[in-house]
Amino acid sequence: MSRVLDTFRNQVRDFTEKEIAPRAAEIDRANDFPTDLWKKMGGAGLYGLTVSDEYGGTNQGYLAHTLAMEEISRASGAIGLSYAAHSNLCIDNLYRNGTPAQREHYLPRLCSGEWVGALAMSEPGAGSDIIGSMSCHAEPRGEMWVANGTKTWITNGPDADVLIVYMRTATSRYASKNLTAFLVEKGMPGFRAEDPMDKLGMRGSNTGSLIFEDCAIPQENVLGKVNDGARMMMDGLDAERLILAGGPVGLMQAAFDLVLPFMHERKQFGQPIGKFELMQARLADVYTALQASRAYTYDVARRFDHSRALRKETAGCLMFASERAVEVALAAIQILGARGYMNESPAGRLLRDAKVYEIGGGTNEIRHILIGRELFVETDRQQRAEYLTGHA
Ligand SMILES: Cc1cc2nc3c(=O)[nH]c(=O)nc-3n(C[C@H](O)[C@H](O)[C@H](O)COP(=O)(O)OP(=O)(O)OC[C@H]3O[C@@H](n4cnc5c(N)ncnc54)[C@H](O)[C@@H]3O)c2cc1C
């Protein structure tokens, strides 16, 4: 890790230890999004890490963003998830695909934390098959697009001031896969966000449905090109999976922080439980799962800063880290014994928070499929090329 990134990580940690960690249990209990924290995080320079300074960002790149995600999630998984939805899903996609006017209008407010951002793809009937099954649609009418339909499970949806929303914009059944991204603002007539849902974990990171009923969206709010939404979405998901991978890494670090002192403090049979080899073996599993997930994620993030053509790798680091985080959270509960099973311990929250990373941003089944398919197609192409070269 470079000295600049080490310094950055320490700055983020100083902030999260002071401002987020002491509130994590209460945020989870109350299932309440801490609005005041949002501006403080903006003031600490945590948003817009992949955005240039002319729009209020700091242009430090994806590795820095992944580190920030890890440190925030170590303090509170829920704040980490909302942070990723705001700073990566909304801000990064808007920066990469926005016109100069859109960037100037939205990014400074989002990067400062004055506004909350979100991104909406999922629908009640369109999850893994998001492109094929999307039914939210927008039709051109004069200078406007008129949108109808329902999005659901949208992180920050209930709080967002601006949302990137994917809609089907196919004008013929022969172009049924055509999607377009729109910038929707809170208060637009015909658009409303429903109340936050009651979730297993990530409580306090508000998740909700969005309703569009003849919502008129101005032409200038099209993000990117009309009918280019499917490509933009897949491209955005590559970055999303990478940044999200910082989440389970942070949660595993939080589990490690919890169990290590406990293994010294808790005494049974007249000695610290950390002296028992079975407990040491569990600790070794926690440690290696954390370090392997971290190393994989940082490696992909470092490479992503130079080339975005890393689809199976971004899916791979999130798939690996999310599975390990669930295992590690369960191991933490086991090491803590009955204390770990009590809600006064953060261990249960770590498990509930970790589970979402096996589902959100495309499930682990879809990541398995994507990685296996890419590996097969790449080697298939390579073998054919070698065969053709051999016979030239
Ligand atoms: C807390 C939370 C926050 C979220 N935030 C957002 C957000 O900000 N924006 C947004 O757009 N969405 C968001 N989502 C939605 C998330 O992206 C979807 O849940 C995810 O894409 C999976 O879709 P689904 O839940 O409809 O599952 P489904 O697609 O219905 O899948 C159900 C099960 O079937 C499996 N399955 C599906 N297809 C296949 C297949 N071909 N082969 C094998 N198995 C398959 C899945 O892996 C899964 O186990 C969020 C979800 C949660 C829980």
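Quick notes on the rules
- Residues numbered from 1 in each chain as written.
- Predicted model: local features only at pLDDT ≥ 70, side-chain atom pairs only at ≥ 80, totals over all residues.
- Helix = DSSP H or I, 4+ residues; strand = E, 2+ residues; numbered from the N terminus.
- Rg over C-alpha atoms; globule rule 2.2 N^0.38 Å.
- Contact = placed C-beta atoms within 7 Å.
- Buried ≥ 20, exposed ≤ 12 C-beta atoms within 10 Å, placed from the backbone.
- Axes fitted to C-alpha atoms, helices over the stretch in contact; angles between N-to-C directions.
- Parallel < 35°, antiparallel > 145°, perpendicular 65-115°, else oblique.
- Left-handed = near helix turned anticlockwise from the far one by under 90°.
- Nonpolar A, V, L, I, M, F, W, Y, C, P; charged D, E, K, R; others polar.
- Pairing = 2+ DSSP bridges.
- Core = buried A, V, L, I, M, F, W, Y, C linked by C-beta atoms within 7 Å.
- Domains from an automatic or database assignment.

Overview of the overall build of the protein
- What the protein contains, in helices and strands, is 13 helices and 10 strands.
- Relative to the compact-globule value of 21 Å for 392 residues, the protein shows a C-alpha radius of gyration of 22 Å, a close match.
- Summarising its shape, the C-alpha atoms of the protein cover approximately 80 × 65 × 40 Å along the three principal directions.
- In the protein, once contacts between residues fewer than 6 apart in sequence are set aside, the share between residues at least 24 apart is 75%.

Comments concerning unusual backbone geometry
- Not every positive phi belongs to a glycine, and Asn-31 is a case in point at roughly 50°.
- Tracing the sequence through the fold places Asn-31 in the loop between helix H2 (24-30) and helix H3 (35-43).
- Looking at Asn-31, the number of C-beta atoms within 10 Å reads 16, which means it is partly exposed.

Structural notes on the packing of helix H5 (residues 77-97) against helix H8 (residues 229-265)
- It is at 10 Å that the axes of H5 and H8 come closest, and there the two elements cross at 155°. In terms of axis orientation, H5 runs roughly antiparallel to H8. Crossing angle aside, the handedness with which H5 passes H8 is right-handed. Where H5 approaches H8, its residues Gly-77, Gly-80, Leu-81, Ala-84, Asn-88, Leu-89, Asp-92, Asn-93 and Asn-97 are matched on the opposing element by Met-232, Gly-236, Ala-239, Glu-240, Ile-243, Leu-244, Gly-247, Gly-250 and Leu-251.
- Counted by class, the contact of H5 with H8 contains 8 nonpolar, 8 polar and 2 charged residues.

A short note on the pairing of strand S2 (residues 137-141)
- Looking at chain direction, S2 and strand S3 (residues 144-155) are connected through 5 bridges and run antiparallel. Directly across from Glu-139, in S3, lies its bridge partner Val-146.
- Taking the residues that link successive antiparallel strands as the turn, the S2-S3 hairpin has 2 residues, and the phi of Gly-142 there is positive, at about 60°.

Quick look at the nonpolar core
- Cys-90, Phe-182, Ala-255, Val-328, Ala-329 and Ala-332 are the most contacted members of the largest nonpolar core, which totals 115 residues.
- The dominant element in this core, judged by the number of residues it contributes, is H8, at 16 residues.
- The contact partners of Ala-329, leaving out residues within four places of it in the chain, are Leu-251, Ala-255, Ala-347, Leu-350, Leu-351 and Ala-354.

Looking at the domain arrangement of the protein
- Annotation of the protein at the domain level lists domain 1 (3-116), domain 2 (119-225) and domain 3 (231-384).
- Its C-alpha centre places domain 1 at a distance of 21 Å from the equivalent point of domain 3.
- Taken together, the contact between domain 1 and domain 3 spans 24 residues of the former and 25 residues of the latter.
- Take the side of domain 1 that touches domain 3: its biggest share by element is 11 residues, from helix H4 (residues 62-75).
- Residue classes in the side of domain 1 that touches domain 3 are distributed as 10 nonpolar, 9 polar and 5 charged.

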